Amino acid sequence: MRFCLNVDHIATLRNVRGEVQPDPVTFALMAEQYGIDGIVVHLREDRRHINERDVRLLRELVTTKLDLEMAAIGEIIDIACDVRPELATIVPERRQELTTEGGINVIDDINNLRNTIHALHQSEISVSLFIEPDLNQIDASAEINADFIEIHTGHYANAIGEENIFDELERVRVAAKHAKKLGLGVNAGHGLNYINMKEFVAIPDIDEVSIGHAVIARSLFVGLELAIKEMIALTRMNS
Ligand code: PXP
């Protein structure tokens, strides 16, 4: 399983003071040296953490893979087509939310998403749709030519009790298998950490995980190098 690191939280810390440190770009480049497979940033419409300067610098400097999380709205699509990350992951966005709260509804927004995928493909950007582990959402994603899905793992991460955890894991397992059968690449993320990854890594059809909060938080205690290497070890447990 590949592991891509989301560095939005470094930008959040920088922005609290309105200064230049800590710099998410420097942090991302160090993370690459420690062996991660890609960098993820979310350019929000309200620019609450990552800004355009970060995205453009990352595009110049990242040598692994840049995954730009974005809402399917005109202004951000234009920036993405100009910057050309390897992957654009379409996520829902609400101003009031603390973080991304769930998957997009592909069926309800199918025409907008079809047009968004078409525009991004014209700029040779692969597209992933961040969705719930729901077979109808996966079918709709394949129908409009998404290259990947990213399965929202928040319900798994928040599940309490053995039975609920098993059920949520099973939903992800079934969804990933279905997506693979349709020829989609399968990523996953949200709320994954050093504890819940131990079971998660056994799901065979997940190609890549996107993790931010747990790794950034752990790096405060043990340093970035160790935090990353510990997570890399977990993600490779099944390979
Ligand atoms: N994937 C997506 C689509 C996200 O929006 C986020 C949160 O920014 C993540 C993965 C990473 O979640 P976490 O910070 O909980 O690891």
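Residues numbered from 1 in each chain as written. Predicted model: local features only at pLDDT ≥ 70, side-chain atom pairs only at ≥ 80, totals over all residues. Heavy atoms only, no water.

1. Digging into the pairing of strand 7 (residues 185–189)
Then comes step 1: Counting buried residues along strand 7, five of its five residues qualify, which places the element largely inside the surrounding structure.
Then comes step 2: Taking every second residue as pointing to the same face, both faces of strand 7 are buried, with Gly-185, Asn-187 and Gly-189 on one and Val-186 and Ala-188 on the other.
Then comes step 3: Relative to strand 8 (residues 208–211), strand 7 is paired through three bridges, and the arrangement is parallel. Looking at strand 8, one finds that Gly-189 is bridged to Ser-210. (Buried < 20%, exposed > 50% of the residue type's maximum accessible area, 1.4 Å probe, protein only. Helix = DSSP H or I, 4+ residues; strand = E, 2+ residues; numbered from the N terminus. Pairing = 2+ DSSP bridges.)

2. Quick look at the packing of helix 6 (residues 135–143) against helix 8 (residues 162–181)
Then comes step 1: The interhelical angle for the contact between helix 6 and helix 8, taken along N-to-C directions, is 25°, at an axis separation of 10 Å. When the axis of helix 6 is compared with that of helix 8, the two are roughly parallel. The way helix 6 lies across helix 8 gives a crossing that is right-handed. Along the contact surface, helix 6 presents Leu-135, Ile-138 and Asp-139, while helix 8 presents Val-174, Ala-175, His-178 and Ala-179.
Then comes step 2: Of the residues belonging to the contact of helix 6 with helix 8, the class tally is five nonpolar, one polar and one charged. (Axes fitted to C-alpha atoms, helices over the stretch in contact; angles between N-to-C directions. Parallel < 35°, antiparallel > 145°, perpendicular 65-115°, else oblique. Left-handed = near helix turned anticlockwise from the far one by under 90°. Contact = heavy atoms within 4.5 Å. Nonpolar A, V, L, I, M, F, W, Y, C, P; charged D, E, K, R; others polar.)

3. Brief notes about the pairing of strand 4 (residues 87–90)
Then comes step 1: Neither face of strand 4 is left uncovered, since the one carrying Leu-87 and Thr-89 and the one carrying Ala-88 and Ile-90 both have all their residues buried.
Then comes step 2: Each parallel crossover has a hand, and for strand 3 (residues 66–70) linked through helix 4 (residues 74–83) to strand 4 it is right-handed. (Right-handed = clockwise from strand over helix to strand, strands pointing away.)

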